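As a plain string of letters, each chain reads:
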Amino acid sequence: MITDFEKALAVFMEHHVEFIVIGGVAGTLHGSAFITQDLDVVYARTRENIRRLAAALQPHSPYLRNAPAGLPFKWDEQTIRNGLNFTLTTAFGDLDLLGEVTGGGTYSDLFAHSKEVSGFGVRFRLVDLDKLIVLKRAAGRPKDLPVVAELQGILERRRKQSAKPPEK
Amino acid sequence: MNTHSLDELREQATPYGAALLPTADAPDPVLEAFKRDIDFSLVEKNLRLTTDERAQQLVNATRFIAKFRPLVTDEDPTASL
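As the structure is a prediction and not an experimental result, all values here were calculated from the model. (Residues numbered from 1 in each chain as written. Chains lettered and ligands numbered in written order. Predicted model: local features only at pLDDT ≥ 70, side-chain atom pairs only at ≥ 80, totals over all residues.)

Draft legend 1. Representation of the overall build of chain A within the structure. The helix and strand tally for chain A stands at 7 helices and 7 strands. Each helix and strand of chain A, placed in order from N terminus to C terminus, yields the pattern α-β-α-β-α-β-α-β-β-α-β-β-α-α. Taking all 168 residues of chain A together, 45% fall into the buried category. (Helix = DSSP H or I, 4+ residues; strand = E, 2+ residues; numbered from the N terminus. Buried ≥ 20, exposed ≤ 12 C-beta atoms within 10 Å, placed from the backbone.)

What follows is the structure, given as structure tokens:
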């Protein structure tokens, strides 16, 4: 299922959920030409943020992705506290909610490696390019290799650009 | 128990020559091989756009996929988008 990114981010912002966008969407926003179909975010595991996250997604039918139909699943604060990382389907598409990510740690660990950006009609935090590459490399998935190679190329171009003396 | 961030652990481990995690620009021959096949002209076009414009481009592309993929699969065109 293809995610409606505008809707998903609007839902998070409306409920003041603290999160950082990582994954393919982050790659696209840094200039990648690969197209992604889901949204990956790292969320803060504070009591208050878990409450907000539960309330934000509750009306949008969150369910475990690839779980057998009919498996009992209740989306609430308790479920989020008892779990950590959730791969979900929702009414607005596929959503990966990560309490912790390999190579990046928690929301607090990632915060210093993120910045606020504008996109999809809202302002939200996006992981920086260096950290995104580290996350993708740490995940160690063969399918990410072309993406990581492209992101490294973007990083090299950016560094070359910033090393250029200012034009007169 | 002391807790440390990944960055603190990496900083502490570096003097002992231990690389806990790869850095963004650590060389890798496999990645270099993939890099040769990437069309960076598309990337360079994207780099001239703002973040907002790149987001809009992704929205347009996913809408296009959502509209036309059902023509070649059994997917429900009304799902999600």
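Draft legend 2. Quick look at the interface of chain B and chain A. With 30 residues of chain B at the contact, the number on the chain A side is 36 residues. Listing elements by their share of the side of chain B that touches chain A, those giving two or more residues are α2 (29–35), α3 (40–47) and α4 (51–68) of chain B. Considering each element in turn, the side of chain B that touches chain A owes the most residues, 10 residues, to α4(B). (Contact = placed C-beta atoms within 7 Å.)

Draft legend 3. Seen up close, unusual backbone geometry. Residues and elements named next belong to chain A. Even without being glycine, H16 reaches a positive phi, approximately 55 degrees. Examined against the element boundaries, H16 turns out to sit in the loop between α1 (5–14) and β1 (19–22). We classify H16 as exposed; it has 11 C-beta atoms within 10 Å. The backbone of S61 sits at a positive phi, close to 50 degrees, despite the residue not being glycine. When you line up the elements, S61 lands in the loop between α3 (47–57) and β3 (63–64).

Draft legend 4. Highlighting helix α6 (residues 129–139) of chain A. Residues and elements named next belong to chain A. Across the 11 residues that make up α6, a large majority, 8, are buried. Every buried residue of α6 is listed here: L129, K131, L132, I133, V134, L135, K136 and R137. Positive phi appears at G140, one or two residues downstream of α6, with a value of about 65 degrees.

Draft legend 5. Examining the sheet that holds strand β2 (residues 39–43) of chain A more closely. Residues and elements named next belong to chain A. The 7 strands lie next to each other as β3-β4-β5-β2-β1-β7-β6, forming an open sheet whose pairing is mixed. Here the strands that pair on one side only, and so sit at the sheet edges, are β3 and β6 (114–119). Of the pairings in the sheet, the one linking β1 to β2 comprises 4 bridges and is antiparallel in character. When the bridges of β2 are listed, V21 appears paired with V41. Of the strands in this sheet, β1, β2, β5 (93–98) and β7 (122–127) are in contact with α1, which crosses β7 at around 95 degrees. (Pairing = 2+ DSSP bridges. Axes fitted to C-alpha atoms, helices over the stretch in contact; angles between N-to-C directions.)

Honestly, it's all geometry; don't read function into it.
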